[in-house]
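Take a look at the letters that make up each chain.
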Amino acid sequence: MNWDETGPDTDERLEESLVHADADGEDTAVEAALRPKDLDEFVGQEKVREQLDLVLKAARARGATADHVLLSGAPGLGKTTLSMIIAAEMGAPIRITSGPAIQHAGDLAAILSSLQEGEVLFLDEIHRMSRPAEEMLYMAMEDFRVDVIVGKGPGATAIPLELPPFTLVGATTRAGLLPPPLRDRFGFTGHMEFYAPTELERVIHRSARLLDVEIDADGAAEIAGRSRGTPRIANRLLRRVRDYAQVKADGRIDRPVAATALGVYEVDARGLDRLDRAVLGALLKLFGGGPVGLSTLAVAVGEERETVEEVAEPFLVREGLLARTPRGRVATPAAWAHLGLVPPQQGGKGQQGLFGA
């Protein structure tokens, strides 16, 4: 299974978690109201913002459409928001679609042929587009032209179709899967980094104002520290803490209220949720810190292999709590410290201590 693909069990697990970075139905509705409208209002990603601002201002000064833009990075960091800002800064309409929705070259031809001059086409998860559509996109991006094939077999003919100049904004969570010919056709490439806690605090204060939620600096810092460096998660946690404050407190969010609320939702001080702690707990308590195979670890926590690999592991690895090795998954000293457990003596060899060896 690919990193970006999720099966039914994984989807169900994501719906239960507050700290996954993929958008659900509620996120999509709320984000529309919380999204910044221009680059000055956009928080974080300083380098990408500065570079993109130059690209857009230069294009406006020339009276031309902006170069094609590729944005890469983990889910929830603001790629869709930046695409909307690009359209707003250029005074152009935006059309939004995704790679999985374009399975045939004809699907892409229909979209491209209906674009207006200067329009921004946002293509999310561009690395998941079908190969025939991808090859059609090469010519569309470079020459603003596509060849529409009419007929089949020896009698088939290619009819060139001229396109108005447009700006393609591609977003991907896996830039390495894009073929070089496609990557090379983007005039600007920006990589979205995870946010620092201080940047997330600014995001939370801004969202709190828009949601009419009273929150102090310590409350925002508590939520930011548990948000995994991701604005989408920060906004989701803010909404859940707001609910708790309205029901259990006076509606005002401070550090004790935020900590207690997130404790109810099983998000700990480092941003780990129930599944994360279950994986670490099994690795430490049942297997002595590893190494242990992924399938065995998944059985131990009662989850599917794909759920452990795609939902829990990326954050645990990024936090330095778990390492992937050729022999299996291994806990780091930080994992023992986080769960308050004492590592086994160095003389033992991982799982052998379980069997008295």
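Up top is the structure these notes are about.
Here the structure is a predicted model, which is why all the values come from computation and not from measurement.

> Would you take a moment to explain the overall build of the protein for this structure?
In terms of regular secondary structure, the protein is built from 15 helices and 11 strands. The buried share among the 357 residues of the protein stands at 46%. At a minimum sequence separation of 6, the contacts of the protein that also span at least 24 residues come to 71%. Entry remark: accessible area of the protein is about 16900 Å², with carbon and sulfur atoms responsible for 52%.

> Where do I start with the pattern of salt bridges in this structure?
Pairing between side chains of opposite charge can happen when the charged atoms of each approach one another. Within the structure shown, the criterion is met by 20 salt bridges. When the shortest N-O distance is used, the salt bridge between Lys-57 and Asp-53 registers 3.1 Å. Of this pair, Lys-57 and Asp-53 both sit in helix 3 (residues 46-62), separated by four residues, roughly a single helical turn. Accessibility expressed as a relative area gives 45% for Lys-57, which makes it partly exposed. The partly exposed category is assigned to Asp-53, whose relative accessible area is 23%. Across the salt bridge formed by Arg-252 and Glu-214, the nearest N and O atoms sit 3.2 Å from each other. Linking Arg-252 in strand 9 (residues 252-253) with Glu-214 in strand 8 (residues 214-215), this pair joins segments that are 38 residues apart in sequence. Through salt bridges with shared partners, a single network forms among Asp-218, Glu-222, Arg-226 and Arg-255.

> Even after reading the chapter, I still don't get the packing of aromatic side chains, so can you show me in this structure?
The description of an aromatic ring pair uses the distance of the two centres, along with the angle that the planes make with each other. A complete count under the given rule lists one aromatic pair for this structure. Ring geometry for Phe-144 and Phe-166: centres 5.5 Å apart, planes at 80 degrees, overall edge-to-face. With a gap of 22 residues between them, Phe-144 in the loop between helix 6 (131-143) and strand 4 (145-150) and Phe-166 in the loop between strand 5 (157-162) and strand 6 (167-172) connect regions that are remote in the sequence. Residue Phe-144 is classed as partly exposed on the basis of its relative accessible area, which comes to 22%.

> What exactly am I supposed to notice about the packing of helix 8 (residues 197-211) against helix 10 (residues 231-248) here?
For any two helices packed against each other, one specifies the inter-axial angle together with the distance between the axes. Relative to each other, helix 8 and helix 10 sit at 50 degrees, their axes nearing to 10 Å. On the basis of their axis angle, the class for helix 8 and helix 10 is oblique. In terms of crossing hand, the pair formed by helix 8 and helix 10 is right-handed. Contacts from Leu-200, Val-203, Ile-204, Ser-207, Ala-208 and Leu-211 of helix 8 reach helix 10 at Pro-231, Ala-234, Asn-235, Leu-238, Arg-239 and Arg-242. A class-by-class count of the residues in the contact of helix 8 with helix 10 yields eight nonpolar, two polar and two charged.

> Mind showing me how you'd approach the nonpolar core here?
Soluble, globular proteins show a tendency: their nonpolar side chains are buried together. Core analysis: the largest hydrophobic core is formed by 47 residues, its most contacted members being Leu-82, Ile-204, Ile-215, Ile-223 and Ile-253. The biggest single contributor to this core is helix 10, with seven residues. If we skip the residues at most four places from it in the chain, Ile-223 touches Ile-204, Ile-215, Ala-234, Leu-237, Leu-238, Val-241, Ala-258 and Leu-262. In terms of nonpolar packing, the next biggest core, distinct from the first, is built from 24 residues, Ile-126, Ala-133, Tyr-138 and Leu-163 among them.

> Teacher, can you tell me more about a nonpolar patch on the surface here?
Residues Val-148, Ile-159 and Leu-161 make up a contiguous nonpolar surface patch of about 200 Å² in total accessible area. Here Leu-161 is to be found in strand 5.

> Sorry if this is basic, but what is going on with the side chain of Asp-268 here?
Within the element layout of this structure, Asp-268 appears in the loop between helix 11 (255-264) and helix 12 (274-286). In this structure Asp-268 comes out as buried when scored by relative accessible area, which is 15%. In this structure the side chain of Asp-268 is engaged in a polar contact, spanning 2.9 Å, whose partner is the backbone nitrogen of Leu-272. Only 2.9 Å separates the side chain of Asp-268 from the side chain of His-338, close enough to count as a polar contact. Setting aside chain neighbours within four positions, we find Asp-268 in contact with Arg-226, Arg-277 and His-338.

> Explain the sheet that holds strand 2 (residues 94-98) to me, please; I cannot follow it from the model alone.
Working definition: the strands of a sheet are paired by backbone hydrogen bonds and lie parallel or antiparallel to each other. What the five strands build is an open sheet, ordered 2-3-6-1-7; its pairing is parallel. Edge positions in the sheet fall to strand 2 and strand 7 (188-191), since each of these pairs with one other strand and no more. Pairs of neighbouring strands in the sheet enclose a mean axial angle of 15 degrees, with direction left out of account. Across four bridges, the pairing between strand 1 (residues 69-72) and strand 7 is parallel. Of the residues in strand 7, the one forming a bridge with Ser-72 is His-191. Helix 4 (residues 79-90) contacts strand 1, strand 2, strand 3 (120-124) and strand 6 of the sheet and is inclined by roughly 175 degrees relative to strand 3.

Definitions and cut-offs
- Residues numbered from 1 in each chain as written.
- Predicted model: local features only at pLDDT ≥ 70, side-chain atom pairs only at ≥ 80, totals over all residues.
- Heavy atoms only, no water.
- Helix = DSSP H or I, 4+ residues; strand = E, 2+ residues; numbered from the N terminus.
- Buried < 20%, exposed > 50% of the residue type's maximum accessible area, 1.4 Å probe, protein only.
- Contact = heavy atoms within 4.5 Å.
- Areas by Shrake-Rupley, 256 points an atom, 1.4 Å probe, with all protein chains shown as cover.
- Salt bridge = Lys/Arg side-chain N within 4 Å of Asp/Glu carboxyl O.
- Phe/Tyr/Trp six-rings, centres within 6.5 Å; stacked < 30°, edge-to-face > 60°.
- Axes fitted to C-alpha atoms, helices over the stretch in contact; angles between N-to-C directions.
- Parallel < 35°, antiparallel > 145°, perpendicular 65-115°, else oblique.
- Left-handed = near helix turned anticlockwise from the far one by under 90°.
- Nonpolar A, V, L, I, M, F, W, Y, C, P; charged D, E, K, R; others polar.
- Core = buried A, V, L, I, M, F, W, Y, C linked by side-chain atoms within 4.5 Å.
- Patch = residues over 30% accessible without salt bridge, like charges linked within 9 Å, V, L, I, M, F, W, Y side chains within 5 Å.
- Polar contact = N/O pair within 3.5 Å; in protein donor to acceptor, adjacent residues only side chain to side chain.
- Pairing = 2+ DSSP bridges.

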